[in-house]
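Breakdown of the fold
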Amino acid sequence: MVKIYAVVLVMFFNILVASSAGNFNQDFDITWGDGRAKILNNAQLLTLSLDKTSGSGFKSRNQYLFGKIDMQIKLVPGNSAGTVTAYYLSSLGSAHDEIDFEFLGNLSGDPYIIHTNVFTQGKGNREQQFYLWFDPTKDFHTYSVLWNPQSIIFSVDGTPIREFKNLGSRGIPFPKNQAMWIYSSLWNADDWATRGGLVKTDWSKAPFSASYRNFNAQACIWSSGSSSCSSSPSSSKEAWFTQSLDATGKERIKWVQKNYMIYNYCKDTKRFPQGLPLECTVAS
């Protein structure tokens, strides 16, 4: 009887924790773009497009407070200079929290830049940027955010590229109290996106298009002021809730940051002449 009860509890938690497997009609609303965003293939594929008049975007129907969020994306091919494909989690308001992936387009043959950032209580300025070790326009690749009470881990095809630890005990804010929606958009940012704005969008190549599939959220849904995870015993929580980088993960993140990182705010002493942000200097 005890075993049956335990199994029922685990099953109940697995129902409460969102485990969406890519039905875009159920999981997302198209929020802007006047028809430029489309849900196709029995809601298994979503496309965003950008032309000189407008970009497009979508937003999750659910809010989440912690989770492991995966999305497969195929980025704008060819000359994508000036375009930005943004994929991020965010709450609302001037003191919002936010976890960002932004993909900065480039001239044909030049690498995309992954721009990451973390906002806490309305404050960002925590940018890290990377090249990729593959062409992200040729096929779909999985971009993941693992967000739990211990840390935020950004990953690409299962390889961690960045970790932002919860150092709240050191007085460093961490996103833990504000539920976030998932957003994505494709838009023109040629005033800054490519070589600091030196390379402009070539509208003769429009429309530009990015594609999405296989959304998956193992996450705590926030609704009516409570979390779907709070009613479950901690022993039944899935592995992601307590997951951290293991030895292999730490080695892989070092490999990425050694070979593919092109900007790290924690190394930018010119930007922070009064001293680097506290999370860059404290021992974790």
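Figured I'd write up the structure that's included with this text. (Residues numbered from 1 in each chain as written. Predicted model: local features only at pLDDT ≥ 70, side-chain atom pairs only at ≥ 80, totals over all residues. Heavy atoms only, no water.)

Attention now moves to the overall build of the protein. A tally of regular secondary structure across the protein gives 4 helices and 17 strands. Out of the 284 residues in the protein, the part that is buried amounts to 51%. Accessible area for the protein stands at about 13600 Å²; split by element, carbon and sulfur atoms hold 51% of it. (Helix = DSSP H or I, 4+ residues; strand = E, 2+ residues; numbered from the N terminus. Buried < 20%, exposed > 50% of the residue type's maximum accessible area, 1.4 Å probe, protein only. Areas by Shrake-Rupley, 256 points an atom, 1.4 Å probe, with all protein chains shown as cover.)

Moving on, we come to the sheet that holds strand 10 (residues 128-131). Pairing is antiparallel across the open sheet formed by 8 strands, whose spatial order is 2-5-14-7-8-9-10-17. Sheet topology places strand 2 (28-32) and strand 17 (261-264) at the edges, where each strand pairs with a single neighbour. Strand-to-strand, the axes of this sheet are offset by a mean angle of 15°, without reference to chain direction. Note: strand 9 (residues 113-119) against strand 10, 4 bridges, orientation antiparallel. In the sheet register, H115 faces strand 10, and the bridge partner there is Q129. (Pairing = 2+ DSSP bridges. Axes fitted to C-alpha atoms, helices over the stretch in contact; angles between N-to-C directions.)

Now for the nonpolar core. Membership of the largest hydrophobic core comes to 59 residues, with the highest contact counts inside it found for Y143 and W147. No other element matches the 8 residues that strand 15 (residues 208-223) contributes to this core. Ranked by size, the runner-up nonpolar core spans 5 residues in total, among them V84, L104, A189 and A193. (Core = buried A, V, L, I, M, F, W, Y, C linked by side-chain atoms within 4.5 Å.)

What follows is about the environment of I113. In this fold, I113 is placed in strand 9. If we skip the residues at most four places from it in the chain, I113 touches E102, F103, L104, Q129, F130, Y131 and I262. (Contact = heavy atoms within 4.5 Å.)

What follows covers the state of the cysteines. In the structure shown here, the tally under the stated rule is 2 disulfides. The side chain of C220 participates in a disulfide bridge whose partner is C229; the two sulfur atoms lie 1.9 Å from each other. Disulfide C220-C229: torsion about the S-S bond near -95°, hence left-handed. Relative accessible area serves as the criterion here: at 1%, C220 is assigned to the buried category. A relative accessible area of 3% means that C229 is categorised as buried. Each sulfur in the disulfide pair C266 and C280 lies 1.9 Å from the other. Here the disulfide of C266 and C280 is left-handed, its torsion about the S-S bond being about -75°. Taken together, the positions of C266 in the loop between strand 17 and helix 4 (278-281) and C280 in helix 4 put the pair 14 residues apart, joining distant regions of the chain. Along the protein, the cysteines engaged in disulfide bonds are linked according to the scheme 1-2, 3-4 when indexed in sequence order. (Disulfide = S-S within 2.5 Å.)

Within the secondary structure layout, S155 lies in strand 12 (residues 151-156). The buried category is assigned to S155, whose relative accessible area is 12%. Excluding anything up to four places from it in sequence, S155 contacts F101, T142, Y143, S144, P160 and I161.

For the rest of this paragraph, the subject is unusual backbone geometry. For the bond running from A206 to P207, omega is 0°, close enough to zero to count as cis. Positionally, P207 belongs in the loop between strand 14 (181-188) and strand 15. Notably, R195 is not glycine yet its phi reads approximately 50°, a positive angle. Mapped onto the elements of the fold, R195 is located in the loop between strand 14 and strand 15.

Quick look at the packing of aromatic side chains now. When we look at a pair of aromatic rings, we describe it by the centre distance and by the angle of the planes. Applying the stated criterion across every chain, the model contains 20 aromatic pairs. Residues W240 and F241 carry aromatic rings whose centres are separated by 5.4 Å and whose planes lie at 70° to one another, so their mutual orientation is edge-to-face. You can call W240 buried: its relative accessible area is 3%. Classification of F241 by relative accessible area gives buried; the value is 16%. When the ring centre of W181 is taken as origin, the NZ or CZ atom of K59, which lies over that ring, is 4.2 Å away. (Phe/Tyr/Trp six-rings, centres within 6.5 Å; stacked < 30°, edge-to-face > 60°. Lys NZ or Arg CZ within 6 Å of the ring centre and 35° of its normal.)

Remember that side chains alternate between the two faces of the sheet whenever the strand is regular. Burial runs high along strand 12: 6 of the 6 residues are buried. Here strand 11 (residues 141-147) pairs with strand 12 via 5 bridges, running antiparallel. Pairing of W147 across the sheet is with I152, part of strand 12. Linking strand 11 to strand 12, which pair antiparallel, is a turn of 3 residues. The pairing of strand 12 with strand 13 (residues 159-165) spans 6 bridges and is antiparallel. The residue bridging F154 from the neighbouring strand is R162, located in strand 13. A loop of 2 residues connects strand 12 with strand 13, the two strands running antiparallel in sequence, and D157 in this loop sits at a positive phi of about 50°.

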